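Structural features, examined
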Amino acid sequence: MNKKVIAMSALPLVLSMSFVNRVYAEDAPVAPAAEPAATISTEPAAEPVPPASDQAASSGGVTKKLLGEVVVTSTTIDDRFDSKRGEASNIANISGKKVDEEHGKNLVDVLESIPGVTAELQSGDSVKIMLRGVEAQRFMGEKPGVAIIIDGVPVLERTGRVNVDLDNIDSIKVIKGGASYLFGEDALSGAVIITTKRGAKMAGYTASVEAGSFNYRKGLARAGFAKNEWVGHIQVSKAMSDDFYDQGAWSRRYVDGKLQYLIDESSDIAFGFEDSHREKDSHGTVTGVTNARIDPRSATSGGKDYARNYDVELNKLNLTYSKDLGDSNNLMLMAYQYKDHTFGWQGPSGYLRDSAGNLLGDMSQMRDVYATGQDTKQIQQGVKSEWRKGGEAVGLMAGLDLQKFKDHGVATTLVNYTTRSTPVGPSNPLKLAGTIVGDDVITNDTRAMYGEAKWQLSEPLALTLNGRYDSIKNGYSNNLPATSPTQLTSASKTFNVWSERLGLNYAVGESSEIYSNISNGFRTPTATQMYGATISPTSVVVGNPDLKPEKSWNKEVGVRGKTELFERELDIDVAVFQIERNDFILNTGGQYTSTPGATSTNGIEQYQNIGGVRNRGFEAGIKTDSRESLSADFAYTWLDARFTRYDHYWLGLGQQYTPAYHQVDVNNTGNIVPRTPKHKANLNVRYRPAERWTVTTELNAQSGIFADEMNVVWVGGRSVYNLMLSYEVKRESGMKISAFARADNLFNRYYYSTIRGIRDSNGDGVYNAEDPSITVNAGRVWTAGFTLTF
């Protein structure tokens, strides 16, 4: 009987294991040899064998073997995720090559092909990702319940959105189900793991240009090298567009790259960096379906985004040391620093005044008048270390994760205004332009240990155990003087949380397997939820420092493998799952609303662990060999997401601050979570009519959704078709020329990109389809581009 090798796979970090894609003491930018990978599967994953010319480099008549790829996949180093064999969880992989070939303008275009993934596009390429319908009910900048991992680090960007350079992605892996056992906080429904480009394959030069609808244009230049012990590249890109929406113009600029040094045959060090500057304005919301139909660009109907005119600067640095200790032992160390500096306008409502308090107008009807400017600086620093050891029957991994996070926000009034139209007075004070009305600091210090153990219990059966212990200290401080004796100017609390996964994988023959796991995720309370009115004098929410971290419990069973149909090889992965949350943090009066009669002292409103939601579903992914002249991929999700406990929601009706305004208590228990379609499908078909040419058609379809937690406003389903034509030719000299033309929403289908309803927005006393905030899709959009690589 052949011996099986157990190695650690899909564990917590995802830095880049630098001795992958390395050239050994050679000048030529030759790709490394691919060798059988040590993975968590019951047998080594088979990798494509490269051409003989790529397997060795010659110097002075002496042939030297290149270092092979080490795929001891972990959370720390080089989580290449080329094989899903032996995994106990449902995962999906997208290669950097596929990302490049998609020619998408944002991450939504790439992730549509993965079952269970929904992604909300704001403006430009700022995306909020959700898995299996978790947290679809929230949209006010909360975290998405998904850990976003870039080069091994859970990135905590503002508003829970992802800003990533699509042109610098080497691979994407999506782990579904609670994943805090890997990545700590906020992995309630899973993790999206992005590894940036690196290695000798980046050697050479690349230049590309793109253009498209709404004056979209983009340029990119990249230069890379591989010489002796050094490998590196640098990439510069810039893109901009006037956008479909009125006041929706955006631009982005990236400078990123990586430098690797081979210390010796078993260790190296790598430095990665990314610097970006983004400007983005309105994302085009309107109020109600009538305005959506007559004013889809949000130009004339008076609709205003709650926040707009963003200026964002992001800076990411990481340094990674990798050491192969021999005998299936590896050690990895990483240090990193991420910065996010964001400025934007907030507060579209209020009543504009002059400095004497005279009323000048209603700010909600003034397109470019906002109450405050929010200037926020975030800094995230940390160190990660991980050791792994494979073996014939047991694989082990242990890691340490130390992280410091600081969010300093300063809010300054931009104009003179009051919140009400009534005369200026104690109950309606005048706020003068230039006044600092908020200056607070939120901190989050994490100390965590984690590990994985895998046992090959028998020839086909493997058991995986994961555990992680997080000690998280959440802090808050206010730099402004206290305005009342009861106001807290500083507070902190430490949460100690365990996260676990128990998984089984049973191999059915050489190419199929059954997998199952129970896992969890968690999220700690925010300062606003714990301290309420004691840190925000205008709040009526009573503090609750005894809040517990939210927990999600994921259970799933799946089958994956390879089979044949009509002499075509199929790669199939199907799974059923349930994610249960019985203690998510919810205001006693409901989300995004207030309770009648609530004050900061009477306890009517308070955040408590009282929310319940259950997400059940079925996912199926089917792929064929993309090298064939005709190939296709299909992804399908059936989802039933319902509130199991949501007793009170105070729905506001009528015009606020008038005698006609009143509220109705709605019980949302049993309701469907808004914006979660029961059916969602993606079909991608590729046809190569001739050498060098590829025609790709794509169908994205989903059933209808509710726009609100009360399940009042229903939006019908949609089917959207995309079409792309691409051309690629490679010369013997190594030069590659490629071009593409892409049309999204080919048949110009009218539909809503987003719709969210929380109250009677137009003040007519009835909540209906005329009240939700809506963003209309831009319609048919074309993009074309040309790339030269040499």
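Residues numbered from 1 in each chain as written. Predicted model: local features only at pLDDT ≥ 70, side-chain atom pairs only at ≥ 80, totals over all residues. Heavy atoms only, no water.

Across its full length, the protein holds five helices and 43 strands. Per-residue burial for the protein yields a buried fraction of 56% across its 790 residues. Long-range pairs, those at least 24 residues apart, make up 69% of the contacts in the protein between residues at least 6 apart in sequence. As presented, the protein carries roughly 31900 Å² of accessible surface, and 57% of it is formed by carbon and sulfur atoms. (Helix = DSSP H or I, 4+ residues; strand = E, 2+ residues; numbered from the N terminus. Buried < 20%, exposed > 50% of the residue type's maximum accessible area, 1.4 Å probe, protein only. Contact = heavy atoms within 4.5 Å. Areas by Shrake-Rupley, 256 points an atom, 1.4 Å probe, with all protein chains shown as cover.)

So, on to the pattern of salt bridges. Any two side chains of opposite charge can pair, given that their charged atoms come close. Evaluation of the coordinates by the stated rule reveals 43 salt bridges. Put simply, Arg132 and Glu556 hold a salt bridge, and the shortest N to O gap is 2.8 Å. Placement of the pair is Arg132 in the loop between strand S7 (127-131) and strand S8 (147-150) and Glu556 in strand S29 (residues 550-565), with a sequence separation of 424 residues. Across the pair, exposure class does not vary: Arg132 and Glu556 are buried alike. In this structure, the salt-bridge partner of Lys404 is Asp445, at a minimum N-O distance of 3.4 Å. Note that Lys404 is positioned in strand S23 (residues 394-413) and Asp445 in strand S25 (residues 436-456), a separation of 41 residues in sequence. Each of Glu135, Arg138, Asp186, Arg523, Glu550 and Arg581 takes part in salt bridges that share partners, so that together they form one network. (Salt bridge = Lys/Arg side-chain N within 4 Å of Asp/Glu carboxyl O.)

All told, the structure shown has 11 cavities of 30 Å³ or more when counted by the stated rule. In this structure, the largest cavity encloses a volume near 140 Å³. Counting residues per element, the ones that place at least two in the lining of the largest cavity are S23, S25 and strand S26 (461-478). When residues of the lining of the largest cavity are assigned to their parent elements, the largest contribution, three residues, is made by S26. Looking at the lining of the largest cavity residue by residue, the classes come out as four nonpolar, four polar and six charged. Those elements that provide at least two residues to the lining of the second largest cavity are strand S6 (117-121) and strand S32 (630-645). Residues of the lining of the second largest cavity, tallied by class, amount to four nonpolar, five polar and three charged. (1 Å grid on protein atoms, 1.4 Å probe; cavity = no way out; pocket = protein on both sides within 12 Å on 5 of 7 lines; lining within 4 Å. Points joined across faces, edges and corners; volume = space filled by probe spheres on them. Nonpolar A, V, L, I, M, F, W, Y, C, P; charged D, E, K, R; others polar.)

Here Asp640 is to be found in strand S32. Among the polar contacts listed, one links the side chain of Asp640 to the side chain of Lys678, at a separation of 3.3 Å. Setting aside residues up to four positions removed in sequence, Asp640 forms contacts with Arg614, Asn615, Arg616 and Lys678. (Polar contact = N/O pair within 3.5 Å; in protein donor to acceptor, adjacent residues only side chain to side chain.)

All right, on to the confidence of the model for the protein then. When pLDDT is averaged across the protein, the result is 86; 88% of the residues are at 70 or more. Mean pLDDT in the protein bottoms out at strand S3 (residues 62-65), which sits at 28, and peaks at strand S43 (residues 781-789), which reaches 97. Contacts from residues 1-82, a stretch scored under 50 in pLDDT, to residues over four places away or in other chains number 277 contacts. (pLDDT = per-residue confidence, 0-100.)

Attention shifts here to the sheet that holds strand S9 (residues 153-154). Strands sit in the order S5-S10-S11-S8-S9 across an open sheet of five strands; the sheet is mixed. Each edge of the open sheet is held by one strand with a lone partner, namely strand S5 (91-95) and S9. Direction of pairing for S8 relative to strand S11 (residues 190-196): parallel, over a ladder of four bridges. Bridged to Ile148 within S11 is Val192. (Pairing = 2+ DSSP bridges.)

Before going further, it helps to spend a moment on the environment of Glu102. Looking at the element boundaries, Glu102 is found in helix H1 (residues 96-102). Residue Glu102 is classed as buried on the basis of its relative accessible area, which comes to 8%. Beyond its immediate sequence surroundings of up to four residues, Glu102 is in contact with Asp109, Asn684, Met724 and Arg742.

We now examine the pairing of strand S36 (residues 693-702). As paired elements, strand S35 (residues 679-687) and S36 share eight bridges and run antiparallel to each other. Of the residues in S36, the one forming a bridge with Tyr687 is Val695. Count of turn residues in the S35/S36 antiparallel hairpin: five residues, of which Arg692 carries a positive phi of about 85 degrees. For S36 and strand S39 (residues 718-730), the ladder comprises 10 bridges, and the chain directions are antiparallel. Residue Thr697 lies in a different strand from S39, and its bridge partner there is Leu723.

A word on the environment of Ala681. You can see Ala681 is positioned in strand S35. In the structure, Ala681 is positioned 22 residues away from Ser703 in sequence and 9.2 Å away in space, judged by C-alpha atoms.

Nonpolar side chains collect at one region of the surface, where Val394, Leu396, Trp455, Leu457, Leu465, Leu502 and Leu504 lie side by side and expose about 550 Å² of accessible area between them. Secondary structure elements with two or more residues in the nonpolar patch: S23 and strand S27 (490-508). Mapped onto the fold, Leu396 is located in strand S23. Under the relative-accessibility criterion, Leu396 is labelled partly exposed at 35%. (Patch = residues over 30% accessible without salt bridge, like charges linked within 9 Å, V, L, I, M, F, W, Y side chains within 5 Å.)

With that out of the way, let us pick up the packing of aromatic side chains. As enumerated under the stated definition, the model contains 16 aromatic pairs in all. Plain terms: the ring middles of Trp693 and Tyr727 are 4.7 Å apart, the flat faces sit at 55 degrees to each other, and that makes the pair tilted. Placement of Trp693 in strand S36 and of Tyr727 in strand S39 is noted, with a sequence separation of 34 residues between them. Residue classification places Tyr727 among the partly exposed residues on the basis of a relative accessible area of 23%. Taken together, the ring pairs connect Phe214, Phe244 and Tyr245 into an aromatic cluster. A cation sits over an aromatic face here: Arg293 above Tyr750, 3.9 Å from the ring centre. It is Lys316 that lies over the ring of Tyr338; its NZ or CZ is 5.8 Å from the centre. (Phe/Tyr/Trp six-rings, centres within 6.5 Å; stacked < 30°, edge-to-face > 60°. Lys NZ or Arg CZ within 6 Å of the ring centre and 35° of its normal.)

Pairing is antiparallel across the open sheet formed by three strands, whose spatial order is S17-S42-S41. Sheet topology places strand S17 (285-287) and strand S41 (752-756) at the edges, where each strand pairs with a single neighbour. The average angle at which neighbouring strand axes cross in this sheet is 25 degrees, direction not considered. Note: S17 against strand S42 (residues 773-776), three bridges, orientation antiparallel. (Axes fitted to C-alpha atoms, helices over the stretch in contact; angles between N-to-C directions.)

Once that is clear, we can look at unusual backbone geometry. Phi angles above zero are rare outside glycine, and Phe214 is one such case at about 60 degrees. You can see Phe214 is positioned in the loop between strand S12 (204-212) and strand S13 (216-227). With a phi angle near 65 degrees, Gln247 is a residue other than glycine that sits in the positive phi range.

Attention now moves to the side chain of Glu135. Tracing the sequence through the fold places Glu135 in the loop between S7 and S8. A distance of 2.8 Å separates the side chain of Glu135 from the side chain of Arg581, its partner in a polar contact. Beyond its immediate sequence surroundings of up to four residues, Glu135 is in contact with Met130, Lys143, Pro144, Gly145, Arg523 and Arg581.

Along any regular strand, the residues point their side chains to alternate faces of the sheet. One ladder, built from 14 bridges, connects strand S16 (residues 267-280) with strand S18 (residues 307-326); its direction is antiparallel. If you follow Phe273 over to S18, its bridge partner there is Leu317. Examined bridge by bridge, S18 and strand S19 (residues 329-346) share 17 bridges and lie antiparallel to one another. Note that in S19 the partner of Leu314 across the bridge is Asp340. Hairpin remark: S18 followed by S19, antiparallel, with two residues in the connecting loop; positive phi at Asp327, about 55 degrees.

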